[in-house]
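Observations on the three-dimensional arrangement
What follows is each chain in one-letter form.
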Amino acid sequence: MACQSCSTKDGQPKGCKSNGTCGTDSCNKLTVFDWLSNMSLPSNEKPFDWVEVRFKNGRKEFYKNTENLSLSIGDVVATQAQSGHDIGMVTLSGELVRVQMKRKKVNPNRTEEIKKVYRKASQKDIDIWSTARDREEPMKVKARQFAIDLKLKMKISDIEFQGDASKATFYYTAEERVDFRELIKLFAKEFRTRIEMKQVGFRQEASRLGGIGSCGRELCCSTWLTDFRSVSTSAARYQQLSLNPQKLAGQCGKLKCCLNYELDSYLDALRGLPKPETKLYTEKGTAVCQKTDIFKGHLWYAYEGEWMNWHLITKEQANEIITLNRKKEKVANLEDYAATLIVEAKVEFENVVGQDSLTRFDQPKSKNKNNRNKKRPNNRNKKQSDNRTDAPTRPERKPRPKQAQSSNGKNTDVITDRSKNNRPNKRRKPQAKQSPDKNTNNSTSSNDKKE
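Residues numbered from 1 in each chain as written. Predicted model: local features only at pLDDT ≥ 70, side-chain atom pairs only at ≥ 80, totals over all residues. Heavy atoms only, no water.

Topic: the overall build of the protein chain
Quick note on the threshold: Labels follow the DSSP assignment, with helices taken as runs of H or I lasting at least four residues and strands as runs of E lasting at least two, numbered in each case from the N terminus. Only protein chains enter the calculation, and the probe is 1.4 Å; a residue is then buried if its accessible area is under 20% of its type maximum, exposed if over 50%, and partly exposed in between. Residue contacts are defined here by distance: any two heavy atoms, one from each residue, within 4.5 Å place the two residues in contact. Only the protein chains shown count as cover for residues, and all accessible areas are computed by the Shrake-Rupley method using a 1.4 Å probe.
Per the secondary structure count, the protein chain includes 13 helices and 16 strands. Residue burial in the protein chain is summarised as follows: out of 451 residues, 30% are buried. Residue pairs at least 24 apart in sequence account for 58% of intrachain contacts in the protein chain once pairs closer than 6 positions are excluded. Carbon and sulfur atoms make up 48% of the accessible area of the protein chain, which amounts to about 33,300 Å² in all.

Spelled out as structure tokens, the structure:
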């Protein structure tokens, strides 16, 4: 339905044959799995009469099934809109819709917010909707050019047509307030439809357009993430990441949402660790924290003036020294604590077959093969020496006569010299035969004519 490989007929997907859910998850954004679909309701319980419908680029809304239609995931339906109707696909039905509405704080009892499902979309509705979607890309190119000509500081990121092609919604991003009244007049004159301008944030723009992140996977905001929590640079500091804006920023230009994923586990691990700005006072000198391993609970300290010598201690030892310093007591030095900590080298894998050896193909061969190889070149050398000393010299070949054709047409034997100095060069091109004199040619030709 949403991609070219999955066409629809009579409101049912024909390409993927997975009841509207593509197996590769390439044409559906923010897909859900109905894990209650195989469970039957109690005998006296009625099914929940609300469904979740998805539109272009992950836009989802809840609609009430007032006509008691038998709807399932993947059905294309015509829904209520402000003017006319819209076309979307059912992504969730049953009791899970109640959970989603509670999560998104949508009250099903409010009569003001109720939107209805009209019918299952016919093939005519789908054809009108698909032709309207084909117009979106060329319209986007023209709309951006109009905004550039008017010198407006805005970016038109996406266009979405309503299902009945009566209205087009232009999504744009801008850092400041934009006066686009003149732009709407140009759009209405050029595209001949009702225009609605809607401003979205940079993260909402990235979720609508999609893309590939630095991790090599699709963007979280376009696949499964729905709520955008604020991300601050303190999340990177807690996780000991370098404050490089090029590495911490995502496709939208803001800080990556994935910085909040592991932040809670880092905060839990940091509770038992001393603060890095706390100094340790010893009789040898004052030690400053240089590095912290949060999950192992290890800290590296260095004396002031001896910054190259780091001493590894545990968080328990550091807290012990801090409690003594609060009592105005000093320990002798950090070397005594560091000597008790023995770091055991863990073997990540065991070499059983020898697949990690870079010289496994360069191992010496067996003894028998070596002996054979040693004998062979000696015999060859002996034979070569015998041939040089005892072998008779090769007899010289007699020159073969060559047949040459004389001027009178008869073959004559010509003896050529086959000595080394007079050997003909094989690469040399054969010389052209010398033609006889003009007089002889004339005489022979006249004789031939007489004959």
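Once the structure has been displayed, the description carries forward.
A short note on the sheet that holds strand 14 (residues 311-314)
Our working definition: Note on pairing: two strands pair once DSSP finds at least 2 bridges between them. Interaxial angle, 0 to 180 degrees, is taken between N-to-C directions of lines fitted to C-alpha atoms, where a helix line uses only the stretch in contact.
Read from one edge of the open sheet, four strands run 11-12-13-14, paired in antiparallel fashion. Strands at the two margins of the open sheet, each flanked by one partner only, are strand 11 (280-281) and strand 14. The strands that helix 10 (residues 315-326) touches are strand 11, strand 13 (298-303) and strand 14; relative to strand 14, the one it contacts most, it runs at about 90 degrees.

Describing the packing of aromatic side chains
The geometry of an aromatic ring pair comes down to the distance between the two centres and the angle between the two planes. Applicable threshold: Between rings of Phe, Tyr and Trp, where Trp is taken as its six-membered ring, a pair exists when centres lie within 6.5 Å; planes separated by under 30 degrees are stacked, by over 60 edge-to-face, and by other angles tilted. Working rule: Lys NZ or Arg CZ, within 6 Å of ring centre, within 35 degrees of ring normal, means a charge sits over the ring.
Under the defined criterion, the tally for this structure stands at eight aromatic pairs. Where phenylalanine 170 meets phenylalanine 187, the ring centres are 4.7 Å apart and the plane angle is 15 degrees; that geometry is what we call stacked. Separated by 17 residues along the polypeptide, phenylalanine 170 in strand 9 (residues 167-173) and phenylalanine 187 in helix 4 (residues 181-191) bring together distant segments of the chain. Relative accessible area serves as the criterion here: at 0%, phenylalanine 170 is assigned to the buried category. Here phenylalanine 187 falls in the buried class, since its relative accessible area comes to 0%. With a centroid separation of 4.9 Å and an interplanar angle of 65 degrees, the aromatic rings of tyrosine 266 and phenylalanine 295 are classed as edge-to-face. Highlighted residues: tyrosine 266 in helix 9 (residues 263-270) and phenylalanine 295 in the loop between strand 12 (286-293) and strand 13, separated in sequence by 29 residues. Given a relative accessible area of 15%, tyrosine 266 falls into the buried group. Members of the aromatic cluster, connected to one another through ring pairs, are Phe146, Phe170, Phe187 and Phe191. Across from the ring centre of tryptophan 300, 4.9 Å away, lies the NZ or CZ of lysine 291, which sits over that ring.

A look at the sheet that holds strand 9
Taken in spatial order, the three strands line up as 8-9-10 in an open sheet, and their pairing is mixed. The sheet terminates laterally at strand 8 (155-161) and strand 10 (194-199), the two strands that pair on one side only. Direction aside, the axes of adjacent strands within the sheet are offset by 25 degrees on average. Contacting strand 8, strand 9 and strand 10, helix 4 crosses the sheet at an angle of about 140 degrees to strand 10. Along the sheet face, helix 5 (residues 202-209) touches strand 8 and strand 9 and points at about 50 degrees away from the line of strand 8.

What about the packing of helix 2 (residues 123-134) against helix 3 (residues 136-149)?
Selection rule: In the scheme used here, Gly and all other residues not listed as nonpolar or charged are polar, with Ala, Val, Leu, Ile, Met, Phe, Trp, Tyr, Cys and Pro taken as nonpolar and Asp, Glu, Lys and Arg as charged.
Relative orientation of the contacting elements helix 2 and helix 3 amounts to 35 degrees, with a least axis distance of 5 Å. Side by side, helix 2 and helix 3 meet where Ala132, Arg133 and Asp134 of the first sit next to Glu136, Glu137 and Pro138 of the second. Of the residues contributing to the contact of helix 2 with helix 3, the split by class is two nonpolar, no polar and four charged.

As for the environment of phenylalanine 295
Accessibility expressed as a relative area gives 54% for phenylalanine 295, which makes it exposed. Taking the C-alpha atoms as reference, phenylalanine 295 lies 8.5 Å from leucine 270; in sequence the two are 25 residues apart.

Description of unusual backbone geometry
Even without being a glycine, arginine 192 presents a positive backbone phi close to 55 degrees. Note that arginine 192 resides in the loop between helix 4 and strand 10. The exposed category is assigned to arginine 192, whose relative accessible area is 72%. For lysine 328, which is not a glycine, the phi torsion comes out positive at approximately 65 degrees. Under the relative-accessibility criterion, lysine 328 is labelled exposed at 80%.

Here's the deal with the confidence of the model for the protein chain
Cut-off, in case you're wondering: The predictor reports its confidence for every residue as pLDDT, a score running from 0 up to 100.
When pLDDT is averaged across the protein chain, the result is 78; 69% of the residues are at 70 or more. With pLDDT under 50 throughout, residues 1-5 is counted as low confidence; its partners more than four residues away or in other chains account for 11 contacts.

Structural notes on the pairing of strand 5 (residues 76-80)
The buried fraction of strand 5 is high, at four of five residues. As paired elements, strand 5 and strand 6 (residues 85-93) share five bridges and run antiparallel to each other. Bridge pairing in strand 6 links threonine 79 to aspartate 86. Direction of pairing for strand 5 relative to strand 7 (residues 117-120): antiparallel, over a ladder of three bridges. From the neighbouring strand, valine 77 faces strand 7, where its bridge partner is lysine 120.

Some words on the pairing of strand 14
Residue alternation in strand 14 divides its side chains into two sets, His311 and Ile313 and Leu312 and Thr314, and both sets are buried. The sheet contact formed by strand 13 and strand 14 spans four bridges and is antiparallel. Paired with leucine 299 across the bridge in strand 14 is isoleucine 313.

Examining helix 9
Definition in use: Working note: the arc is built from the helix axis to C-beta atom directions.
Along helix 9, the positions that sit buried rather than exposed are Leu263, Tyr266 and Ala269. Projected onto a plane normal to the axis of helix 9, the buried residues spread over an arc of 125 degrees and lie on a single side. Where the residues of helix 9 are buried, they touch helix 7 (233-238).

Some thoughts on helix 4
When we look at burial in helix 4, the residues that qualify are Leu183, Phe187 and Phe191. The buried residues of helix 4 occupy an angular sector of 40 degrees when projected down its axis, which confines them to one face. Of the exposed residues in helix 4, those oriented more than 90 degrees away from the buried face are Arg181, Lys185 and Lys189. Buried residues in helix 4 make contact with helix 3, strand 8, strand 9 and strand 10. Downstream of helix 4 by a residue or two, arginine 192 has a phi angle that is positive, lying close to 55 degrees.

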